[in-house]
Amino acid sequence: MKKTWLFILITMVIKFIGTFLELLIPYVLEYIIDSVAPQKSLKFVLLWGVVMVMLAVLCRFFNKTANQRAVKSARDNIYRLRQDLFEKTIYLSSDNIDHITLPSLISRLTSDSYNVLSFMQSSQTLGVRAPILLIGGFIVSFSMDKGLALILAVMAPIIIVIVIFISRKGIPLYSTVQKKLDDVVRIMRENISGIRVIKALGKEKTESARFENADKEMEKSEIKAGFTMALPMTIVKLFMNIGLVLVVSIGAYRVSKGTMKPGVILAFLSYFQMIMMGVLTLNRFFLMMSKANASAERIKDTMDSVSTLIKVENIEEDEISKKGYVVFDDVSFSYEGTTRAISNISFVLERGKTLGIIGGTGSGKSTIINLMMRFYDPDNGRIYIDGKDIRSYELPILRKHFGVVFQNDFIFHDTISSNIKIGRDISDGEMKKAAENAMASSFIEKYEDGYQHQAAIHGSAFSGGQKQRLLISRALSGSSPIIVLDDSSSALDYHTDSMVRKNILSSHKDSSLVIVAERVSAVMNSDEILFLHDGEIIGRGKHDYLMETCPGYREIYETQMGEAKE
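Quick summary incoming for the structure in this document.

What counts and what doesn't
For every chain, the first residue of the written sequence is number 1, and numbering continues from 1 along that sequence. Whole-chain, interface and lining totals are the exception, using all residues; otherwise, since this is a predicted model, local features are given only for residues with pLDDT of at least 70 and side-chain atom pairs are given and counted only at 80 or more. Side-chain descriptors were evaluated using all non-hydrogen atoms of the structure, hydrogens and water having been removed beforehand. Secondary structure follows DSSP: runs of H or I at least 4 residues long count as helices, runs of E at least 2 residues long count as strands, and numbering of each begins at the N terminus. We take the radius of gyration over the C-alpha atoms and set the globule estimate at 2.2 Å times the residue count to the 0.38 power. Between buried and exposed lies partly exposed: a residue is buried under 20% and exposed over 50% of the maximum accessible area for its type, with that area taken using a 1.4 Å probe on protein chains only. Using a 1.4 Å probe, the Shrake-Rupley method yields the accessible areas, and only the shown protein chains count as cover for residues. In this tally Asp and Glu are treated as negative and Lys and Arg as positive; neither His nor the chain ends contributes. Every charge is mapped onto a representative atom, which is NZ of Lys, CZ of Arg, CG of Asp or CD of Glu. Salt bridges, as used here, are contacts in which a Lys or Arg side-chain nitrogen is within 4 Å of a carboxyl oxygen on Asp or Glu. Polar contacts, as used here, are pairs of N or O atoms within 3.5 Å; protein pairs need one atom able to donate a hydrogen and one able to accept it. Residues neighboring in sequence count only if both atoms are side-chain atoms. In what follows, residue pairs with any heavy atoms lying within 4.5 Å of each other are defined as contacts. Comment: axis = line fitted to C-alpha atoms, over the contacting stretch for helices; angle = value between 0 and 180 degrees taken between N-to-C directions. Geometric relationships in this document are graded by angle, where less than 35 degrees denotes roughly parallel, more than 145 denotes roughly antiparallel, 65 to 115 denotes roughly perpendicular, and other angles denote oblique. Left-handed describes a crossing in which the near helix is turned anticlockwise from the far one by less than a right angle; the clockwise case is right-handed. Any residue outside Ala, Val, Leu, Ile, Met, Phe, Trp, Tyr, Cys, Pro, Asp, Glu, Lys and Arg is labelled polar, Gly included; the first ten of those are nonpolar and the last four are charged. By definition, two strands form a pair when at least two bridges between them are found by DSSP. Each Phe, Tyr or Trp ring (for Trp, its six-membered ring) is paired with any other whose centre lies within 6.5 Å, and the angle between the two planes then decides the class: stacked below 30 degrees, edge-to-face above 60, tilted in between. Any Lys NZ or Arg CZ found within 6 Å of a ring centre and within 35 degrees of that ring's normal is scored as a charge over the ring. Patch membership is restricted to residues that have no salt bridge and whose relative accessible area is over 30%. Joining uses 9 Å for like charges and 5 Å for the nonpolar side chains Val, Leu, Ile, Met, Phe, Trp and Tyr. To form a nonpolar core, buried Ala, Val, Leu, Ile, Met, Phe, Trp, Tyr and Cys residues must be joined to one another through side-chain atoms within 4.5 Å.

**Comments concerning the overall build of the protein**
Right, on to step 1. Looking only at helices and strands, the protein has 18 helices and 10 strands in total.
Right, on to step 2. Compactness check: the protein gives a C-alpha radius of gyration of 35 Å against a globular reference of 24 Å for 566 residues, more than 25% above the reference.
Right, on to step 3. Seen through its C-alpha atoms, the protein measures out along the principal axes to roughly 115 × 55 × 50 Å.
Right, on to step 4. In the protein, which comprises 566 residues, the proportion classed as buried is 47%.
Right, on to step 5. Of the roughly 29000 Å² of accessible surface on the protein, 59% is carried by carbon and sulfur atoms.
Right, on to step 6. With 67 positive and 62 negative side-chain charges, the protein shows a spacing of 12 Å between the two charge centroids.

**Describing the pattern of salt bridges**
Right, on to step 1. In the structure shown here, the tally under the stated rule is 19 salt bridges.
Right, on to step 2. Across the pair Asp 304 and Lys 300 runs a salt bridge whose closest N-O atoms are separated by 2.7 Å.
Right, on to step 3. For Asp 304, a relative accessible area of 44% gives the class partly exposed.
Right, on to step 4. Here Lys 300 falls in the partly exposed class, since its relative accessible area comes to 47%.
Right, on to step 5. Where Arg 540 meets Glu 528, a salt bridge forms, and the shortest distance between an N and an O atom there is 4.0 Å.

**Details of the side chain of Ser 305**
Right, on to step 1. In this structure, Ser 305 sits in the loop between helix H8 (262-303) and strand S1 (326-334).
Right, on to step 2. With relative accessibility at 14%, the residue Ser 305 sits in the buried group.
Right, on to step 3. Here the side chain of Ser 305 touches Asp 301 through a polar contact of 2.8 Å, landing on its backbone oxygen.
Right, on to step 4. Once you skip the residues sitting within four places of it in the chain, Ser 305 turns out to touch Lys 88, Leu 92, Asn 96 and Ile 100.

**A few points about the packing of helix H1 (residues 5-36) against H8**
Right, on to step 1. Their axes nearest at 7 Å, the elements H1 and H8 cross at an angle of 165°. One finds that H1 runs roughly antiparallel with respect to H8. The interaxial crossing formed by H1 with H8 has right-handed handedness. Together, Glu 22, Leu 23, Pro 26, Tyr 27, Glu 30, Ile 33 and Asp 34 of H1 and Pro 262, Gly 263, Val 264, Leu 266, Ala 267, Ser 270, Tyr 271 and Met 274 of H8 make up the contact between the two elements.
Right, on to step 2. Looking at the contact of H1 with H8 residue by residue, the class counts come to 10 nonpolar, 2 polar and 3 charged.

**Regarding the sheet that holds strand S8 (residues 512-517)**
Right, on to step 1. If you trace the 6 strands from one edge of the open sheet to the other, you get S6-S7-S8-S3-S9-S10, paired in mixed fashion. With one partner strand each, in any of the chains shown, strand S6 (402-405) and strand S10 (536-541) form the two edges of the open sheet. Averaged over all neighbouring strand pairs, the angle between strand axes comes to 15°, with direction disregarded.
Right, on to step 2. Alignment of strand S3 (residues 354-359) against S8, held across 5 bridges, turns out to be parallel. Within S8, the position partnered with Ile 357 by the bridge is Val 516.
Right, on to step 3. The sheet strands contacting helix H14 (residues 464-476) are S6 and strand S7 (482-486), and the helix crosses S6 at an angle near 170°.
Right, on to step 4. Where helix H15 (residues 494-507) meets the sheet, it contacts S3, S7 and S8, and its direction lies at approximately 160° from that of S8.

**Notes on the packing of aromatic side chains**
Right, on to step 1. Applying the stated criterion across every chain yields a total of 13 aromatic pairs.
Right, on to step 2. Plain terms: the ring middles of Phe 531 and Tyr 553 are 6.3 Å apart, the flat faces sit at 85° to each other, and that makes the pair edge-to-face. With Phe 531 in strand S9 (residues 528-533) and Tyr 553 in helix H18 (residues 551-565), this residue pair connects regions lying 22 residues apart in the sequence.
Right, on to step 3. An aromatic cluster of at least three residues, connected via ring pairs, comprises Phe 333, Tyr 335 and Tyr 376.
Right, on to step 4. Here Arg 69 stacks its cationic end above the ring of Phe 7, 3.9 Å away from the centre of that ring.
Right, on to step 5. The side chain of Lys 388 reaches across the aromatic face of Tyr 393, ending 4.4 Å from its centre.

**So, the environment of Gln 178**
Right, on to step 1. Along the chain, Gln 178 turns up in helix H5 (residues 146-193).
Right, on to step 2. Apart from the residues within four sequence positions on either side, Gln 178 is in contact with Ser 111, Asp 112, Asn 115, Ser 295 and Arg 298.

**Things to note about a nonpolar patch on the surface**
Right, on to step 1. Taken together, the side chains of Trp 5, Leu 6, Leu 9, Ile 10, Val 13, Phe 16, Ile 17 and Phe 20 define a hydrophobic patch exposed on the protein surface, amounting to about 740 Å² of accessible area.
Right, on to step 2. Tracing the backbone shows Trp 5 in helix H1.
Right, on to step 3. For Trp 5, a relative accessible area of 54% translates into the label exposed.

**Thoughts on the side chain of Arg 374**
Right, on to step 1. Within the secondary structure layout, Arg 374 lies in the loop between helix H9 (365-372) and strand S4 (380-385).
Right, on to step 2. Excluding residues that lie within four positions of it along the chain, Arg 374 makes contacts with Thr 308, Leu 309, Ile 310, Lys 311, Ile 390, Arg 391, Tyr 393, Leu 395, Leu 398 and Arg 399.

**Things to note about the pairing of S10**
Right, on to step 1. In terms of strand pairing, S9 meets S10 through 5 bridges, oriented antiparallel. Following the sheet pairing, Ile 529 is matched in S10 by Gly 541.

**With respect to the nonpolar core**
Right, on to step 1. One finds Met 144, Ile 159, Val 236, Met 240, Phe 268 and Tyr 271 to be the most contacted residues of the largest nonpolar core, which totals 41 residues.
Right, on to step 2. Every element with two or more residues in this core is listed here: helix H4 (102-144), H5, helix H7 (204-256) and H8.
Right, on to step 3. Per-element accounting of this core gives the leading share, 14 residues, to H8.
Right, on to step 4. When neighbours within four sequence positions are excluded, Phe 268 is seen to be in contact with Ser 141, Met 144, Asp 145, Leu 148, Ala 149, Leu 152 and Val 247.
Right, on to step 5. One finds Ile 411, Phe 462, Leu 476 and Leu 513 within the second-largest nonpolar core, a separate group that totals 40 residues.

Okay, here's the thing in structure tokens:
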């Protein structure tokens with residue numbers, strides 16, 4: 001908010017003026033009843049009546065103007081905050097995302113930012129109005145009648161202390177509420193993404209029950225927090241109503257004795273209501289501040305996250321870095337310090353050559369790709385690309401080396417053209433050539449609008465094979481020096497898969513190709529094949545050599561190729 005401090009300061013001054021004028025109205029009413037009316041002059045009564053109307057009109061004008069300005073500045077500030085938070089999220093390292101979790105990031109961008117927005121707005125309006133009504137109400141009350149004002153003076157500090165004490169207890173509870181919301185978002189996200197699987201297995205009731213349990217846990221936390229923060233309201237009303245009874249009783253007694261004028265009681269009742277409103281507003285302000293404080297801490301935690309994937313200067317290069325275009329030198333890695341994902345992985349991939357990586361589920365195939373593209377840094381060992389340690393690259397420059405298809409890759413709700421180009425400076429000719437090599441042009445050109453055809457969310461209108469061919473088109477369209485296909489042909493038939501690989505080898509002769517697969521046919525023609533098991537290389541070499549020396553590879557080949565022949 002510091003960037004718009006002058007705009008906010010003016011807003012708060014306008015709100016101060018509007019609230020101050022509101023304080024004057026009961027004072028004028030008391031003057032009319034006790035001083036003007038006894039003169040029995042209709043002219044003066046009407047004149048002061050006009051003054052009251054003018055005060056009411058000006059009060060509304062200033063309050064409305066301040067409220068509108070508060071809305072504008074809050075929305076401008078939260079717009080910048082969301083932009084900064086989204087940009088920070090985009091650049092978070094995979095370690096950071098694993099730590100925060102995706103559902104939590106979503107709720108921080110949505111509900112947390114909304115809580116901060118509400119407080120930004122209320123701090124310029126309620127944050128000014130509440131203390132002015134409290135302090136101003138006391139000052140004017142004391143100037144009118146010190147005896148009745150003492151009732152307020154005794155009760156108000158007690159009420160304020162209670163409100164502040166209980167509000168401080170309620171602040172940590174909203175952090176728990178936001179964490180429970182993360183669980184709700186996570187389950188919702190999982191179910192929306194996997195809705196077809198849920199329907200196919202008839203698990204609608206199971207997932208509904210799982211969501212209901214998470215929702216109930218959040219409800220309990222929210223009720224506890226809401227109850228705690230609502231408690232001051234009942235206490236305030238109790239004390240204020242007791243005070244109101246005392247003011248009316250004592251005031252009526254003094255009027256009957258002739259020691260007080262009736263207008264003072266009316267004015268006091270108005271100020272009493274204003275002070276009560278100020279205290280209740282203060283309680284509401286603390287409620288919003290509690291939510292905003294919890295949310296702001298979560299947003300700050302995201303903004304303060306420091307990526308471990310920074311460029312490292314002056315790295316001493318080893319001789320092994322010059323042996324190939326991509327080099328892994330005794331690399332080991334574990335996710336978040338748990339069981340090792342890969343151990344002692346070493347290989348050399350020369351420019352223009354093909355590396356096949358095969359193994360069972362969980363053998364570490366995709367981990368090698370994650371490390372190669374520096375989504376994570378290895379626990380041990382070093383990785384080189386084009387003779388340089390990958391830690392010495394700026395990340396955007398490193399990533400430009402790759403054209404990649406990941407497992408479960410994403411198709412955006414956009415045109416086919418935009419999905420292939422994905423914001424890169426790629427000509428239509430390059431895009432169409434990539435689609436031809438990926439065997440995707442055949443089905444794209446069947447649409448009336450061709451490459452301008454709109455893809456559904458997650459590419460749900462495409463078949464599995466069509467999605468994979470689109471994703472391969474994306475990887476091939478940048479003419480990258482390293483092309484990575486991570487389980488990108490699982491939905492393709494053997495003939496299409498073979499044709500795609502043949503087209504890649506003929507059109508991208510200078511590119512190093514890394515094929516990660518569970519299908520032997522996808523890697524069998526590679527210049528070198530790594531056979532992984534439990535994160536370790538237990539077989540290495542060309543297809544014929546592995547057939548002779550690696551029983552696990554041979555078993556997969558015989559099983560799969562036997563099925564293919566059948």
